[in-house]
Amino acid sequence: MFLMEVKLHEFEKIYGDANKAAEARRQFLERVTGVKLENIGKTTIDLNTVVGKNIENVIGAVQIPVGVAGPLLIKGDYANGYFYIPLATTEGALVASVNRGAKIITESGGTRVKVLKDGMTRAPLFKLQSVIEAIKFVEWVYQHFDELKKVAESTTKHGKLKEVQPFIVGNYVWLRFVFSTGDAMGMNMVTIATDAIAKYISEKFPEAKLVALSGNMCVDKKANAVNFILGRGKTVIAEALIKRDVLEKFGVSPEDVHNVNVEKNLIGSALAHSYGFNAHFANIIAAIFIATGQDVAQVVESSMGITTTEPREEGLYISVFLPSLEVGTVGGGTGLPTQREALELLGVAGPGNPPGTNALKFAEIVASAVLAGELNLLLALTRNELASAHQRLGRAKGT
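No experiment lies behind these values; they were computed from the predicted model shown.

Conventions we followed
Residues numbered from 1 in each chain as written. Predicted model: local features only at pLDDT ≥ 70, side-chain atom pairs only at ≥ 80, totals over all residues. Heavy atoms only, no water. Helix = DSSP H or I, 4+ residues; strand = E, 2+ residues; numbered from the N terminus. Core = buried A, V, L, I, M, F, W, Y, C linked by side-chain atoms within 4.5 Å. Buried < 20%, exposed > 50% of the residue type's maximum accessible area, 1.4 Å probe, protein only. Contact = heavy atoms within 4.5 Å. Phe/Tyr/Trp six-rings, centres within 6.5 Å; stacked < 30°, edge-to-face > 60°. Axes fitted to C-alpha atoms, helices over the stretch in contact; angles between N-to-C directions. Parallel < 35°, antiparallel > 145°, perpendicular 65-115°, else oblique. Left-handed = near helix turned anticlockwise from the far one by under 90°. Nonpolar A, V, L, I, M, F, W, Y, C, P; charged D, E, K, R; others polar. Expected span 1.5 Å × (residues − 1).

With respect to the helices and strands, Val296 occurs in the loop between helix 11 (281–292) and helix 12 (299–302). Spatially, the C-alpha atom of Val296 lies 9.9 Å from that of Gly333, the residues being 37 residues apart in sequence.

Here is the structure:
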């Protein structure tokens with residue numbers, strides 16, 4: 001009767017301890033559903049450290065196998081050396097795929113990688129009386145940018161307002177604010193800062209009525225053209241030149257692999273009107289995100305991108321372009337014990353010195369791992385071994 005009268009979200013208040021509250025919730029659910037939750041209750045996490053920060057109504061944790069691929073030689077502005085990539089996945093053959101790609105890239109001299117842009121966005125939507133008023137409002141925003149910057153940065157230690165990108169449709173105005181966010185992915189940071197801006201605008205320019213703090217031009221957790229073109233988070237390119245003799249060991253030429261990339265990743269994606277002209281960016285990004293405590297829903301826009309190839313006399317040039325890679329090394333799930341260990345494995349746990357350098361290093365590592373995964377899948381398709389690899393590594397025995 002007690003369990004029926006008390007709401008599940010009140011258990012922490014009653015027990016004074018999140019671990020005990022989670023145990024009580026599991027017992028309640030077991031009684032109500034008849035399902036045993038023994039394994040969900042097994043976790044290394046002290047639930048007191050996550051309730052109110054990472055989760056509510058907690059009952060335990062779900063475990064996902066973690067594998068490692070590498071070593072992968074990376075030559076970036078922040079990531080330099082050999083790295084072992086942690087990948088949390090239940091898809092057989094994925095770790096093996098990235099591992100073989102890493103081996104081929106490393107044998108060919110490594111991957112070169114650059115972060116082209118760095119900025120997290122939030123785009124509130126305002127309504128004016130007319131397009132004339134909308135244009136006046138945008139002009140006012142430009143004229144008072146320094147004031148808005150001061151208001152925004154009063155809410156955060158590491159966030160800096162870099163620019164505003166306005167969009168007008170009829171009498172509606174979207175203001176896409178772009179922030180640097182240090183080593184945090186920064187979504188919460190920029191939301192709070194943008195809320196302060198919106199309140200300041202309401203006070204100083206009351207004709208602009210706030211419709212929504214997020215007007216879907218940010219764009220968060222949705223495949224979209226805006227992030228593809230303007231970028232969000234980190235915009236990164238990783239490239240490598242795979243030696244011709246390395247490919248010939250697998251019985252293929254640079255021309256063979258290039259043809260598969262053009263015909264599958266470019267023409268096939270164009271036919272599908274895909275936001276990803278690539279083989280499987282999402283596979284690698286999702287596995288790294290889960291292993292390192294990133295916001296997994298942001299795999300949607302983080303896995304948009306293009307794979308390019310070019311056969312050359314000396315081998316195969318290959319690159320991956322990720323316009324909207326949203327990663328951080330502080331905040332969110334990065335402080336959970338297993339996720340922090342995965343970040344430590346990469347040498348990027350916590351804040352960088354100077355601030356922001358760990359997140360940039362991490363972005364370079366992720367892009368390089370994506371390149372390894374792309375190279376190997378293109379190679380597997382060229383050799384027509386995709387099905388056999390999954391038959392051998394990704395299928396339960398007897399199915």
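Now, onward.
With that out of the way, let us pick up the nonpolar core. Leu87, Ile242, Ile285 and Leu325 are the most contacted members of the largest nonpolar core, which totals 52 residues. The greatest single-element share of this core, amounting to twelve residues, is contributed by helix 14 (residues 357–382). With residues near it in sequence (within four places) discarded, Leu87 still touches Pro65, Val66, Gly67, Ala69, Val95, Val98, Ile284, Ala287, Ile288 and Ala291.

Next up on the list: the packing of aromatic side chains. Under the counting rule described, the total for this entry stands at six aromatic pairs. Considering the side-chain rings of Tyr172 and Trp174, the 6.4 Å spacing of their centres and the 45 degrees angle between planes classify their relative orientation as tilted. Here the aromatic residues Phe126, Phe137, Trp140 and Phe205 are joined through ring pairs into a cluster of three or more.

This brings us to the packing of helix 6 (residues 145–153) against helix 7 (residues 187–204). Close contact between helix 6 and helix 7 brings their axes to 8 Å; oriented N to C, the two are set at 130 degrees. Our classification of the angle between helix 6 and helix 7 gives oblique. Both helix 6 and helix 7 take part in a crossing whose hand is right-handed. Packed against helix 6, whose contacting residues are Glu147, Leu148, Val151 and Ala152, the element helix 7 presents Ala193, Ala196, Ile197, Tyr200 and Ile201 at the interface. Among the residues making up the contact of helix 6 with helix 7, the classes are represented as eight nonpolar, no polar and one charged.

Let's shift gears to helix 10 (residues 254–272). Spanning 19 residues, helix 10 covers 26 Å between terminal C-alpha atoms, matching the ideal 27 Å at 1.5 Å per step. Listed in full, the buried residues belonging to helix 10 are Pro254, Val257, His258, Val260, Asn261, Asn265 and Ser269. Here the buried face of helix 10 lies against helix 9 (244–248), strand 9 (276–277), strand 10 (305–312), strand 11 (315–325) and helix 14. Residue His273 follows helix 10 closely and has a positive phi angle near 55 degrees.

Turning our eyes to something else, we now look at unusual backbone geometry. Residues Gly70 and Pro71 are joined by a peptide bond in cis, for which omega reads 10 degrees. Here Pro71 shows up in strand 1 (residues 66–76). With an omega dihedral of -5 degrees, the bond running from Cys218 to Val219 counts as a cis peptide bond. Turning to its location among the elements, Val219 is positioned in the loop between strand 7 (209–212) and helix 8 (225–230). Notably, Asn216 is not glycine yet its phi reads approximately 70 degrees, a positive angle. Phi is positive for Lys221, which is not a glycine, with a value near 65 degrees. Within the fold, Lys221 resides in the loop between strand 7 and helix 8.

As a further point, take the packing of helix 11 against helix 14. Direction vectors running N to C along helix 11 and helix 14 enclose 140 degrees, while the axes themselves pass 8 Å from each other. When the interaxial angle is binned, helix 11 and helix 14 end up oblique. Seen from above, helix 11 lies across helix 14 with right-handed handedness. Facing helix 11, whose interface residues are Phe281, Ile284, Ile285, Ile288 and Thr292, helix 14 presents Phe362, Val366, Ala369, Val370, Gly373 and Glu374. Split by residue class, the contact of helix 11 with helix 14 holds eight nonpolar, two polar and one charged.

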